[in-house]
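One letter stands for each residue in the lines below.
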Amino acid sequence: MQRSFWAPGRVNLIGDHTDYAGGVVLPIAVEFGIRVDIEPSERIALTSDGRAVDVAPDGTGTPDRWGRYPAAVAAELAELGRPAIGIRGVVESNLPIGTGLSSSAALEVAVALALCAVADFAVARMELALACRRAELRAVGVPCGIMDQAASLLGREGSALLLDCRSLEYRYVPLPDELAIVVVDSGERQLEHTGYADRQRELAAGMPARVRHVETENQRVRDTVKALEGGEIGELGRLFRSSHESLRDDYEVSTPELDRLVEHAYDAGALAARLTGGGFGGSIVVLAAQSRAGTIADQLGGRVVRASAGARELTPRRMGSLPGRA
Ligand code: ADP
Ligand code: MG
């Protein structure tokens, strides 16, 4: 029997470069993501856009490029005791790759759900997020935090996820109806995995500006939650501006193009705008009044996204189309 599993990408509203520092983050899952359609098999044999990966059910083999992600997920799940049952099928995506919406985490999570389901192997969602995070490190050596995988697995429609990356406690923060979220891709690919690792080292070494960013950013996340829950929408602009400046000046992960886009967003009437994700390219996130969001998205060449439900098995009724497809 064929089964389908869906994992969304994510946009972080605020709290960047805080996850691996044990801080707080506030992402949403979006309606764009990755679907895998599979059936049980002897091996893990998947194709994406005609490119195949074929490894053993415990992830051993010699995958190249994108195949390293499913192989690493399988290896991590094998270490947790998942029975060695494979999957064969196809990967489909409507999530842009390498723009900061975390297509890598969505791929890991979709494959992880499929591998667990065929083997009747139950893993708690946060445990699965941790396994996928380890898989990302194993696959491509990126020492990422837990945010992307947790957001994909724990997203909720209409809410942001407030996650404490040290205790792994979380709760949902409902988003006001009048608020729309727009994401704009800078067009600059986030190839700076080395820069990302450098920042972690600099933070661990206690570089004052890096530490200051993380401390002030954690406070901004808490203040943003207060503003959202208290209906003080006017506060969000100040907090997002300050977050962007901190990432630009103290953490030094912005680019001239991201800076320009953020200014452009305010000029176009945004309530709040900042770079989102790891920086070094990627996307900005914009908050706007519902009535203005479409125009702002058009002007900036971005797209309106909605806070959406997290990863899950799709019911047969929905198997014909990707949830995020217009
Ligand atoms: P991001 O996660 O921000 O989109 P990354 O560089 O972390 O960017 O991850 C992108 C990588 O994830 C791609 O190079 C590819 O290896 C893998 N990937 C993402 N989406 C797909 C897909 N639909 N099919 C195959 N591989 C994918
Ligand atoms: Mg990624």
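Basis of the calculations
- Residues numbered from 1 in each chain as written.
- Chains lettered and ligands numbered in written order.
- Predicted model: local features only at pLDDT ≥ 70, side-chain atom pairs only at ≥ 80, totals over all residues.
- Heavy atoms only, no water.
- Phe/Tyr/Trp six-rings, centres within 6.5 Å; stacked < 30°, edge-to-face > 60°.
- Lys NZ or Arg CZ within 6 Å of the ring centre and 35° of its normal.
- Pairing = 2+ DSSP bridges.
- Helix = DSSP H or I, 4+ residues; strand = E, 2+ residues; numbered from the N terminus.
- Axes fitted to C-alpha atoms, helices over the stretch in contact; angles between N-to-C directions.
- Contact = heavy atoms within 4.5 Å.
- Salt bridge = Lys/Arg side-chain N within 4 Å of Asp/Glu carboxyl O.
- Buried < 20%, exposed > 50% of the residue type's maximum accessible area, 1.4 Å probe, protein only.
- Near = heavy atom within 4 Å.
- Polar contact = N/O pair within 3.5 Å; in protein donor to acceptor, adjacent residues only side chain to side chain.
- Areas by Shrake-Rupley, 256 points an atom, 1.4 Å probe, with all protein chains shown as cover.
- 1 Å grid on protein atoms, 1.4 Å probe; cavity = no way out; pocket = protein on both sides within 12 Å on 5 of 7 lines; lining within 4 Å.
- Sits in = over half its atoms within 2 Å of the grid points.
- Nonpolar A, V, L, I, M, F, W, Y, C, P; charged D, E, K, R; others polar.
- Points joined across faces, edges and corners; volume = space filled by probe spheres on them.
- Domains from an automatic or database assignment.
- Buried area = accessible area lost by both parts, 1.4 Å probe.

Trainee: How should I be thinking about the packing of aromatic side chains in this particular structure?
Mentor: By convention here, two paired aromatic rings are described through the distance between centres and the angle between planes. Scanning the model with the defined rule gives two aromatic pairs in all. Considering the side-chain rings of Tyr170 and Tyr172, the 5.9 Å spacing of their centres and the 80 degrees angle between planes classify their relative orientation as edge-to-face. Here the guanidinium or amino end of Arg156 rests over the ring plane of Tyr172, the centre of that ring lying 3.8 Å away.

Trainee: Looking at this structure, how should I read the sheet that holds strand β10 (residues 283-289)?
Mentor: Sheets are built from strands that pair by backbone hydrogen bonding, the pairs being arranged parallel or antiparallel. Taken together, the four strands give an open sheet; going across it, the order is β9-β10-β8-β11, and neighbouring strands pair in antiparallel fashion. Each edge of the open sheet carries a strand with a single partner, namely β9 (272-276) and β11 (303-305). Neighbour to neighbour, the strand axes of the sheet diverge by 30 degrees on average, direction disregarded. Contacts from helix α8 (residues 256-267) reach β8 (179-185), β9 and β10, with the element oriented near 160 degrees to β9.

Trainee: Help me understand the pattern of salt bridges, please; the structure alone is not making it clear to me.
Mentor: Side-chain pairs of opposite charge can arise whenever the charged atoms involved come near each other. If you walk through the whole model with that rule in mind, you get 25 salt bridges. The partner of Glu76 in a salt bridge is Arg134, with the nearest N and O atoms 3.0 Å apart. With Glu76 in helix α1 (residues 68-79) and Arg134 in helix α3 (residues 125-140), this residue pair connects regions lying 58 residues apart in the sequence. According to the relative accessible area criterion, Glu76 is buried, its value standing at 6%. A salt bridge links Glu202 to Arg210, with the shortest nitrogen-to-oxygen separation between them at 2.8 Å. Within the structure, one salt-bridge network assembled from shared partners comprises Asp16, Glu217, Arg220 and Arg274.

Trainee: Help me understand the environment of Arg133 in this model?
Mentor: Among the structural elements, Arg133 can be located in helix α3. Note on Arg133: relative accessible area 29%, which makes it partly exposed. Taking the C-alpha atoms as reference points, Arg133 and Met147, separated by 14 residues in sequence, lie 8.9 Å from one another. Setting aside residues up to four positions removed in sequence, Arg133 forms contacts with Cys144, Gly145, Ile146 and Gln149.

Trainee: I would appreciate a short explanation of the site of ligand 1 in the present structure.
Mentor: Looking at ligand 1, there are 14 residues lining it, with Ser48, Gly98, Ser102, Ser103 and Ser104 nearest. One nitrogen or oxygen atom from the side chain of Ser48 is found 2.6 Å from a nitrogen atom belonging to ligand 1. The fraction of the free accessible surface of ligand 1 (570 Å²) that becomes covered by protein chains is 82%. Most atoms of ligand 1, that is more than half of them, are within 2 Å of grid points of the largest pocket. Looking at which element gives the most residues to the shell around ligand 1, the answer is helix α2 (residues 103-118), with three residues. In the shell around ligand 1, the residues fall into five nonpolar, eight polar and one charged.

Trainee: It is not clear to me how the layout of surface pockets should be interpreted in this structure. Could you clarify?
Mentor: By rolling a water-sized probe across the atoms, one finds the places where empty space is left. As a volume, the largest pocket reaches approximately 1,200 Å³. Looking at the largest pocket, it is lined by 42 residues, and the ones nearest its centre are Tyr69, Ile97, Gly98, Ser103 and Ser104. Looking at the lining of the largest pocket, the elements that each hand over two or more residues are α1, β5 (86-93), α2, α3, α4 (147-154) and α5 (193-204). Two domains each put at least three residues into the lining of the largest pocket: domain 1 (3-161) and domain 2 (175-305). Volume-wise, the second largest pocket comes out at about 230 Å³. Taken together, 13 residues make up the lining of the second largest pocket; nearest its centre are Gly158, Leu179, Gln290, Arg306 and Ala307. Here the element with the most residues in the lining of the second largest pocket is β8; it accounts for three residues. Grouping the amino acids of the lining of the second largest pocket by side-chain chemistry returns eight nonpolar, two polar and three charged.

Trainee: When you look at the domain arrangement of the protein chain in this model, what are you seeing that I'm missing?
Mentor: Size of an interface: often given as the accessible area lost when the parts come together. Each assigned domain of the protein chain is listed here: domain 1 (3-161) and domain 2 (175-305). Relative to domain 2, the C-alpha centre of domain 1 lies at a distance of 25 Å. Listed per partner, the contact involves 34 residues of domain 1 and 40 residues of domain 2. With both chains or domains summed, domain 1 and domain 2 bury close to 2,700 Å², and 66% of this area falls on carbon and sulfur atoms. The interface formed by domain 1 and domain 2 holds one salt bridge in total. Residue Arg274 pairs with Asp16 through a salt bridge whose shortest N-O separation is 2.6 Å. Our count for the contact surface shared by domain 1 and domain 2 stands at 15 residue pairs in polar contact (both at pLDDT 80 or more). The set of elements that each furnish at least two residues to the side of domain 1 that touches domain 2 consists of β1 (3-14), β2 (24-41) and β6 (159-164).

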